[in-house]
Amino acid sequence: MTQIDDSKAQLGLPRSGRLALVTGVLVVVGAALAFTFAYLISYPSTVVAAATASDTVVLQSVGAIGLGNHPTWVSYMAQENGNWVHSTVLTVPANSDVHFKIYQYDSGSPLRNPYMDQVAGTVGGTETLNGQVVRIVNDNADGGIGHTFAIPSLGVYVPMPGISSLQTNACSTPVPCATTFDHNTVEFTIHTGAPGTFTWQCFVPCGLGFLIGNGGPMSTFGYMGGYLKVVA
Ligand SMILES: [Cu+2]
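Because the structure is predicted, anything quoted here is derived from the model rather than measured.

### What to know about the overall build of the chain
- Counting its regular elements, the chain contains two helices and 13 strands.
- Its C-alpha atoms give the chain a radius of gyration of 24 Å, more than 25% over the compact-globule value 17 Å for 232 residues.
- With the C-alpha coordinates of the chain rotated into their principal frame, the extents come out at 95 × 45 × 30 Å.
- Buried residues in the chain amount to 33% of all 232 residues.

As structure tokens, this is what we get:
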């Protein structure tokens with residue numbers, strides 16, 4: 001009767017080979033866990049969007065961010081000291097009139113809820129669209145609505161039209177988009193109250209390729225939503 005050599009019976013490998021295999025598997029699993037953990041705790045940096053009430057919060061919305069983990073995703077960017085940062089976590093001063101200027105480079109579509117054509121929660125209940133003061137934007141016009149800037153808990157809703165389908169100079173370079181590309185400029189002022197942290201988001205279901213447009217960039221901080229940190 002033949003005696004089974006235990007050192008070679010399993011996987012047909014000698015003991016040292018099995019040890020190397022197990023070590024290899026552990027290293028791969030460990031690396032995968034570390035990568036997943038690092039991904040889950042990654043978070044947009046906080047941008048001092050307006051240090052004082054006399055500063056303007058400058059943002060841009062783009063059709064594709066072109067960098068990071070999701071280069072094809074639609075996104076906002078924010079300016080800090082004149083430099084563009086891929087973040088949507090913004091600090092602004094409390095108890096102040098804070099002015100916003102948003103360059104909107106993306107195309108748009110009609111809204112699912114045209115109620116959001118109306119500007120709300122801004123000083124005067126208006127926005128300035130390409131230099132013109134308006135209270136309402138027609139989402140059924142050419143271009144539709146690209147994105148909205150909304151802070152639901154403060155009652156702020158600002159519709160931002162998409163660029164016209166007839167325009168031929170859409171932003172095609174890596175972000176940030178330069179103002180030489182087609183865009184709409186939306187400006188408004190909100191009055192901040194006491195310090196606090198408020199969620200802001202887009203309400204256009206612009207997450208192309210995701211379930212009813214609300215996944216991906218619509219549900220990931222740093223893209224179509226973020227925090228407005230109102231600080232003393
Ligand atoms: Cu959007």
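That was the structure; now back to the text.
### Observations concerning the domain arrangement of the chain
- Considered domain by domain, the chain is made up of domain 1 (11–41) and domain 2 (46–231).
- Distance from the C-alpha centre of domain 1 to the C-alpha centre of domain 2: 44 Å.

### Describing the sheet that holds strand β7 (residues 127–129)
- Taken in spatial order, the seven strands line up as β4-β3-β2-β6-β11-β7-β8 in an open sheet, and their pairing is mixed. One side of each edge strand has no neighbouring strand; the edge strands of this open sheet are β4 (83–85) and β8 (132–134). Across the sheet, the mean angle separating the axes of adjacent strands is 30° when strand polarity is ignored.
- Where β7 meets β8, three bridges bridge the pair, whose relative direction is antiparallel. Counted as the bridge partner of L129 is Q132 from β8.

### Comments concerning unusual backbone geometry
- Each neighbour pair has its own omega, and for V175 with P176 the value is 0°, a cis peptide bond.
- If you check the backbone angles, N81 has positive phi at about 50° while not being a glycine.
- Secondary-structure assignment places N81 in the loop between β3 (75–80) and β4.
- Accessibility expressed as a C-beta count within 10 Å gives 9 for N81, which makes it exposed.
- At I212, a position not held by glycine, the phi torsion is positive, near 40°.
- Position of I212 relative to the elements: it lies in the loop between β12 (196–201) and β13 (225–231).

### Structural notes on the nonpolar core
- Counting 46 residues, the largest nonpolar core has V57, L90, V92 and V158 as the members making the most contacts within it.
- Those elements giving two or more residues to this core turn out to be β2 (56–62), β3, β5 (89–93), β6 (97–104), β9 (145–151), β10 (156–161), β11 (184–191) and β13.
- Excluding anything up to four places from it in sequence, V158 contacts V119, T122, E127, T148, F149, A150, V186 and F188.

### Concerning the pairing of β2
- With five of seven residues buried, β2 lies mostly within the body of the structure.
- Note: β2 against β6, six bridges, orientation parallel. Note that in β6 the partner of L59 across the bridge is I102.
- Both β2 and β3 contribute to a ladder of four bridges, which runs antiparallel. Residue pairing in the sheet places Q60 in a bridge with M77 of β3.

Reading guide: rules and limits
Residues numbered from 1 in each chain as written. Predicted model: local features only at pLDDT ≥ 70, side-chain atom pairs only at ≥ 80, totals over all residues. Helix = DSSP H or I, 4+ residues; strand = E, 2+ residues; numbered from the N terminus. Rg over C-alpha atoms; globule rule 2.2 N^0.38 Å. Buried ≥ 20, exposed ≤ 12 C-beta atoms within 10 Å, placed from the backbone. Domains from an automatic or database assignment. Pairing = 2+ DSSP bridges. Axes fitted to C-alpha atoms, helices over the stretch in contact; angles between N-to-C directions. Core = buried A, V, L, I, M, F, W, Y, C linked by C-beta atoms within 7 Å. Contact = placed C-beta atoms within 7 Å.

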